[in-house]
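Listed below, chain by chain, are the residues.
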Amino acid sequence: MGPLDGVKVLDFSVMISGPLSAMMLADQGAEVVKVETPGFGDIMRILGTSKNGMTGIFANNNRGKRSLVVDLKTDEAKEVVRRLVADTDVLIQNFRPGAMARLGLGYDELAEINPDLIYMSISGYGPDGPYSNRRVYDNVIQAASGLASVQSDPANGEPAMFRTLLCDKAAAYTACQSITAALFARATGKARGQHIELAMLDAAIAFMWPDSGMDAVILDDDANRQPTLAANYGVTRLADGFASASAVTDSEFQGLTAAFGRPELAEDPRFADTLSRMANFGEMVTELADAAANCSLHDFIERSAQFDVPSSRINTLDDLPSDPQVINNEVFVERDHPIAGRVREPRPAARLHGTPQRVSRDAPGHGEHTLEIIAELGFDADALRAAGAIA
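Here is a short report on the structure shown in this document. (Residues numbered from 1 in each chain as written. Predicted model: local features only at pLDDT ≥ 70, side-chain atom pairs only at ≥ 80, totals over all residues. Heavy atoms only, no water.)

Comments concerning the pattern of salt bridges
Rule in force here: One side-chain nitrogen of Lys or Arg within 4 Å of one carboxyl oxygen of Asp or Glu is enough to make a salt bridge. Only runs of H or I of at least four residues qualify as helices and only runs of E of at least two qualify as strands under DSSP, and these elements are numbered from the N terminus. For every residue, the accessible area obtained with a 1.4 Å probe (protein chains only) is divided by the maximum for its type, and the residue is called buried under 20%, exposed over 50%, and partly exposed between those limits.
Throughout the structure, instances matching the rule amount to 27 salt bridges. A salt bridge links Glu-287 to Arg-270, with the shortest nitrogen-to-oxygen separation between them at 3.4 Å. Of the two residues, Glu-287 is situated in helix α13 (residues 281-293) and Arg-270 in the loop between α11 (250-259) and α12 (274-279); the sequence distance between them amounts to 17 residues. Owing to a relative accessible area of 22%, Glu-287 belongs among the partly exposed residues under this scheme. Two residues, Arg-342 and Glu-334, come together in a salt bridge whose shortest N-O distance is 3.7 Å. Accessibility expressed as a relative area gives 52% for Arg-342, which makes it exposed.

As structure tokens, this is what we get:
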């Protein structure tokens, strides 16, 4: 059994922040019902690469769930939800503040039905404040949180975006951890149900701050200011490819120059120790760039391992499935999806040896389990269909 075996989750969320969180709970053994609207449901069902109507991004964020399609504009559909809530442990929603309450499905209303309900509300900016009702996407929160400024080009100071939905995923992981903390609090008698409110803005800042905010932590003017650890991150351009490497200590610098085939650089008085390298940083970068340009990727990686230099070739997404360490770690699972055909998915990253996680059931088709769930709840499907609550 997974660590969350027996936990029941209702996932009203769309996009990534909520759905990915619910999917992680499913991989940990929870039973998850994804509640969708008529039409196409979650917009992730229609964005990006697809086959037979199943997109890669939807599959990546919604495996392990059953799909229930109901029209929440009808009273009958709301009654279906209320009956589900009565036997639910966790509800996840990521609509703008007040949207669920206007449907009569806010925390206060549903807690009357089920006082043990853990109700997760994810929003862009939070439940109140000057920006709370603004529409957001991941890139907007990258801008608002300061993450885009962290990516600024050192040459011209121009900010840049991470080309991955970093804030959505940071919010998803934060939500998942908060939900399991609330489940633990309930199980140990510290609380019954509770409302958890999570702003993507808050999650993004908390995610960024431990290292990117290291200079902004100490406020006194007489502090000894230094660049952040990642300020000088860059790509090493080799003769026939790209890598990334770090040399912090003297021994690592000696190993780096040896990996480039230029061990004499470590003996140069300009670069012999950390203080000298800092004083002659520009010259050092020029020398190392010239050395890298005349070194093959293969030789650099082999010598880096030999001389204990932290380094890696820069893998593309196509490289990952054949990377020896990725293969060793069994990161990817390939299987046949009933709609999308052959798919490749990463397994849950953490390995729980006593209560293992799993790559849970395939991501569902839109409304695939509606009739099944309706029957389990004891409703008359024909009556709900006649009322317009289900298709």
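Some details on the packing of aromatic side chains
The description of two aromatic rings rests on the distance between their centres and on the angle between their planes. Short version of the rule: Pairing of aromatic rings covers Phe, Tyr and Trp, the last counted by its six-membered ring, and requires centre-to-centre distances within 6.5 Å; plane angles under 30 degrees mean stacked, over 60 mean edge-to-face, and any other angle means tilted. Geometrically, a charge over a ring is one whose NZ (Lys) or CZ (Arg) sits within 6 Å of the ring centre while staying within 35 degrees of the ring normal.
For the structure on display, the rule yields three aromatic pairs. Ring centres 5.8 Å apart and planes at 75° place the aromatic pair Tyr-107 and Tyr-119 in the edge-to-face group. In this pair, Tyr-107 is assigned in helix α5 (residues 107-113) and Tyr-119 in strand β7 (residues 118-123), connecting sequence segments 12 residues apart. On the basis of relative accessibility, which here comes to 1%, the residue Tyr-119 falls in the buried class. Taking NZ or CZ as reference, Arg-83 lies 3.8 Å from the ring centre of Phe-379, over its face. Positioned above the aromatic ring of Phe-253 is the side chain of Arg-277, whose terminal nitrogen or guanidinium carbon lies 4.5 Å from the ring centre.

Description of the pairing of strand β10 (residues 242-245)
For clarity, the threshold we go by: In short, DSSP must find at least two bridges between two strands for them to pair.
Of the pairings in the sheet, the one linking strand β9 (residues 236-237) to β10 comprises two bridges and is antiparallel in character. From the neighbouring strand, Arg-237 faces β10, where its bridge partner is Phe-242. Linking β9 to β10, which pair antiparallel, is a turn of four residues. Note: β10 against strand β11 (residues 311-313), three bridges, orientation antiparallel. Residue pairing for β11: Ala-245 is matched across the bridge by Ser-311.

Observations regarding the sheet that holds strand β5 (residues 65-69)
Stated formally: Between N-to-C directions, angles cover 0 to 180 degrees, with each direction set by a line fitted to C-alpha atoms, over the stretch in contact for helices.
The six strands lie next to each other as β5-β2-β1-β6-β7-β8, forming an open sheet whose pairing is parallel. Two strands lie at the open edges of the sheet, namely β5 and β8 (194-199), each paired on one side alone. When the angles between neighbouring strand axes are averaged without regard to direction, this sheet yields 20°. In this structure, strand β1 (residues 8-11) lies alongside strand β6 (residues 90-93), joined through three bridges in parallel fashion. Across the sheet, Leu-10 pairs through a bridge with Leu-91, a residue of β6.

Remarks on the packing of helix α6 (residues 138-145) against helix α9 (residues 200-212)
To be explicit about the condition: What sets the label is the angle itself: under 35 degrees gives roughly parallel, over 145 gives roughly antiparallel, 65 to 115 gives roughly perpendicular, and the rest give oblique. Should the near helix be turned counterclockwise from the far one by less than a right angle, the crossing is left-handed, whereas a clockwise turn marks it as right-handed. Contacts between residues were defined by any pair of non-hydrogen atoms, one from each residue, lying within 4.5 Å. In this count, Pro and Cys sit with the nonpolar residues alongside Ala, Val, Leu, Ile, Met, Phe, Trp and Tyr, while Asp, Glu, Lys and Arg are called charged and the others, Gly among them, polar.
Where α6 meets α9, the closest approach of the two axes is 9 Å, and the angle between their N-to-C directions is 55°. One way to sum up the angle between α6 and α9 is to call them oblique. For α6 against α9, the interelement crossing comes out right-handed. For the pair α6 and α9, the contacting residues are Asp-138, Ile-141, Ala-144 and Ser-145 in the first and Met-200, Leu-201, Ala-204, Ile-205 and Met-208 in the second. Tallied by class, the residues present in the contact of α6 with α9 amount to seven nonpolar, one polar and one charged.

Re unusual backbone geometry
Of note in the backbone geometry, Met-15 takes a positive phi value of approximately 65° without being a glycine. Take Met-15: it is sitting in the loop between β1 and α1 (17-27). Residue classification places Met-15 among the partly exposed positions, given a relative accessible area of 24%. Its identity is not glycine, yet Asp-308 carries a phi of approximately 60°, on the positive side. Relative to the assigned elements, Asp-308 resides in the loop between α14 (297-306) and β11.

What to know about the nonpolar core
Stated formally: The nonpolar core is taken to be a set of buried Ala, Val, Leu, Ile, Met, Phe, Trp, Tyr and Cys residues, with the residues joined through side-chain atoms within 4.5 Å.
With 44 residues, the main nonpolar core has Val-9, Leu-25, Val-90, Ile-92, Met-120 and Ile-179 as its most contacted residues. Breaking this core down by element, the ones donating at least two residues are α1, α2 (56-62), β6, β7, α8 (166-187), β8 and α9. Among the elements that make up this core, the one with the highest residue count is α8 (nine residues). Not counting chain neighbours up to four residues away, the residues in contact with Ile-179 comprise Ser-21, Leu-25, Val-90, Ile-92, Ile-118, Met-120 and Ile-196. Counting 25 residues, the second largest nonpolar core, distinct from the first, contains Leu-10, Ala-77, Leu-84 and Ile-373.

Brief notes about the side chain of Asp-27
Let me state the cut-off plainly: Pairs of N or O atoms are called polar contacts if they sit within 3.5 Å, as long as, within protein, a hydrogen donor faces a hydrogen acceptor (for residues adjacent in sequence, only side-chain-to-side-chain pairs).
Take Asp-27: it is sitting in helix α1. On the basis of relative accessibility, which here comes to 3%, the residue Asp-27 falls in the buried class. In terms of polar contacts, Asp-27 uses its side chain to reach the side chain of Arg-63, at 2.6 Å. Here the side chain of Asp-27 touches Ser-360 through a polar contact of 2.7 Å, side chain to side chain. The residues touching Asp-27, leaving out its near neighbours within four places in the chain, are Arg-63, Pro-348, Gln-357, Arg-358, Val-359 and Ser-360.

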